[in-house]
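# Observations on chain architecture
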Amino acid sequence: MGKRGLTLIELIVGLSLSAVLSTAIIGLLVQGQRSYRQQIERVQVQANLRTGIAIIAQEMRELGNGDSSGSDLLEMMPSSVTYRAMRSTHFLCNTPVAGSEEVVVWTDLSYGLRQLESGRDSLLVFAENNPARESDNAWRTAAVVSVRRGLYCPGPAEGLRIGVAGVVLAGVDNGAPVRAFQVTRMLLYGDRAGQHWIGLREWRQNSGWSITQPVVGPISANGLKLSYLDSQGHTMTLPERVAMVWMTLTGVSERRWLALAGSRGLVQDSLHTLVTLRNRRRGENP
């Protein structure tokens, strides 16, 4: 008995079922690929946010509000903050000469992120005044106008001879701590491509604000939110009363992903952190 072949109707039905099955399989593969790419981009966004929070928190933890030099917070806005960014710490190797405009610090006892630069940095010089009283201790602000390295310390040992301006050095003794800072602005800004970033600007004594350098991004159009709080968690507008800064950082992916419904969107996620400033006034709780 001969084998019967497929009829035209059976062939059409078989091809139709194969097409339906192939379409379903391809749909599952595309959906899995989209989901995988979305997860990869979400991981990248979260890693970027963690890096950003770490950088911002490190900057903010160095800020103080409770000493005689005033608050390190200079301008407080919801999406930007201007502050005295601490960059290095030094110690005097001799007592400044009365009426002089320079201090000399040990190089062996200098710590920081980079070397001291004139025109870029300023100093906070600690004045003991009367050693018997703590109430007259003071941090005095000075602009750095020159920096020279040489055998200027006892020994002789290498030191930095720092020319300063705008400071009275009376009451400053040998061994006094000196902190170097630069006025910095952290802000949210947009670039020509329509992406948003967190950037840093530096104030230079001779040229003003530097070009904004991107630090973290991309983030959403309102991806940086700053709230300035006192020790009880109340919103503050006076820099000297700020004890904590609440930060929200919202990151986005660099590329858009195809949503299952066919629309295009950005992967987005947020992180929050609370930073307590140093040198809170006595009696204040974090």
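Data block above holds the structure.
Residues numbered from 1 in each chain as written. Predicted model: local features only at pLDDT ≥ 70, side-chain atom pairs only at ≥ 80, totals over all residues. Heavy atoms only, no water.

## Let's talk about the state of the cysteines
Here is the rule we go by: Here, the term disulfide refers to a pair of cysteine sulfur atoms separated by no more than 2.5 Å. Per the convention used, a helix needs a DSSP run of H or I reaching at least four residues, while a strand needs a run of E reaching at least two, with both numbered from the N terminus. Partly exposed residues are those whose accessible area sits between 20% and 50% of the maximum for their type, while under 20% is buried and over 50% is exposed, using a 1.4 Å probe and protein chains only.
For the structure on display, the rule yields 1 disulfide. Two residues share a disulfide in this structure: Cys-93 and Cys-153, whose sulfurs sit 2.2 Å from each other. Its S-S torsion of approximately -80 degrees makes the covalent link between Cys-93 and Cys-153 left-handed. Of this pair, Cys-93 sits in the loop between strand S2 (80–91) and strand S3 (102–106) while Cys-153 sits in strand S6 (residues 138–153), and the two are 60 residues apart along the sequence. The class for Cys-93 is buried, based on a relative accessible area of 3%.

## Quick look at the side chain of Ser-122
Selection rule: The contact criterion used throughout is that any non-hydrogen atoms of two residues lie within 4.5 Å.
You can see Ser-122 is positioned in strand S5 (residues 122–127). We classify Ser-122 as buried; its relative accessible area is 15%. Ignoring any residue separated from it by four or fewer positions in sequence, one finds Ser-122 in contact with Ala-142, Ala-143, Val-144, Arg-179, Ala-180, Phe-181 and Gln-205.

## With respect to unusual backbone geometry
Following Gly-155, the chain continues to Pro-156 via a peptide bond in cis, the omega torsion being -5 degrees. The omega angle of the peptide bond from Gly-217 to Pro-218 is 0 degrees, so this bond is cis rather than trans.

## Description of the nonpolar core
Formally: Think of a nonpolar core as a cluster: buried Ala, Val, Leu, Ile, Met, Phe, Trp, Tyr and Cys residues, connected wherever their side-chain atoms sit within 4.5 Å.
Met-60, Leu-73, Val-81, Ile-198, Val-245, Met-247 and Leu-249 are the most contacted members of the largest nonpolar core, which totals 27 residues. Of all the secondary structure elements, the ones that give two or more residues to this core are helix H1 (8–61), strand S1 (73–77), S2, strand S8 (177–190), strand S11 (213–229) and strand S12 (244–252). No other element matches H1, which puts 6 residues into this core. When residues no more than four places from it in sequence are discounted, the contact partners of Val-81 are Met-60, Leu-73, Glu-75, Thr-184, Arg-185, Met-186, Leu-226 and Tyr-228. The next biggest cluster of nonpolar side chains, apart from the first, holds 18 residues, and it includes Val-105, Val-164, Val-167 and Ala-176.

## Here we look at the packing of aromatic side chains
To keep it simple, the criterion reads: To pair, rings of Phe, Tyr and Trp, with the six-membered ring standing in for Trp, must have centres within 6.5 Å; the planes then decide the type, stacked if under 30 degrees apart, edge-to-face if over 60, and tilted in the middle. For a lysine, the NZ atom is tested; for an arginine, the CZ atom; a charge sits over a ring if that atom is within 6 Å of the ring centre and within 35 degrees of the ring normal.
Using the criterion set out here, one finds 2 aromatic pairs in the structure. An angle of 75 degrees between the planes, with centres 5.4 Å apart, marks the rings of Trp-203 and Trp-209 as edge-to-face. Given the relative accessible area of 29%, Trp-209 is considered partly exposed. Over the face of the ring belonging to Phe-181 we find Arg-84, whose NZ or CZ atom lies 5.3 Å from the ring centre. Above the plane of the ring of Tyr-152 lies Arg-161, whose end atom (NZ or CZ) is 4.2 Å from the centre.

## Regarding a nonpolar patch on the surface
Rule in force here: Within this analysis, patches are made of residues with over 30% relative accessible area and no salt bridge. Like charges are joined at 9 Å or less; nonpolar side chains (Val, Leu, Ile, Met, Phe, Trp, Tyr) at 5 Å or less. Working definition of accessibility: Shrake-Rupley area with a 1.4 Å probe, residue cover restricted to the visible protein chains. One speaks of a salt bridge when a side-chain nitrogen belonging to Lys or Arg is within 4 Å of a carboxyl oxygen belonging to Asp or Glu.
Taken together, the side chains of Leu-8, Leu-11, Ile-12 and Leu-15 present a nonpolar region at the surface, about 420 Å² in accessible area. Assignment of secondary structure puts Leu-11 in helix H1. For Leu-11, a relative accessible area of 42% corresponds to the partly exposed category.

## Observations regarding the environment of Pro-218
The residue Pro-218 is located in strand S11 in this model. Overall, the relative accessible area of 4% leaves Pro-218 in the buried class. C-alpha of Pro-218 to C-alpha of Thr-250: the two residues are 32 residues apart in sequence and 9.1 Å apart in space. Here Pro-218 is in contact with Asn-48, Gln-195, His-196, Trp-197, Gly-251, Val-252, Ser-253 and Glu-254, once residues within four sequence places are set aside.

## Some points on the pairing of S6
In plain terms, the rule: Strand pairing requires that DSSP identify at least two bridges connecting the strands.
Relative to S6, S5 runs antiparallel, the two being bridged by 6 bridges. Within the sheet, the bridge partner assigned to Ser-122 lies in S6 and is Ala-143. Bridge analysis of S6 against strand S7 (residues 157–165) gives 8 bridges, and the strand direction is antiparallel. Bridge pairing in S7 links Ala-143 to Ala-165.

## Regarding the pattern of salt bridges
On inspection of all chains with the given rule, the structure shows 11 salt bridges. A salt bridge links Arg-179 to Glu-62; its shortest N-O distance comes to 2.7 Å. Of the two residues, Arg-179 sits in strand S8 while Glu-62 sits in the loop between H1 and S1, which places them 117 residues apart along the sequence. Under the relative-accessibility criterion, Arg-179 is labelled buried at 15%. On the accessibility criterion, Glu-62 (28% relative accessible area) is partly exposed. The residue Arg-84 makes a salt bridge to Asp-72 at a minimum N-O spacing of 2.7 Å.

That is the geometry; function is a separate question.
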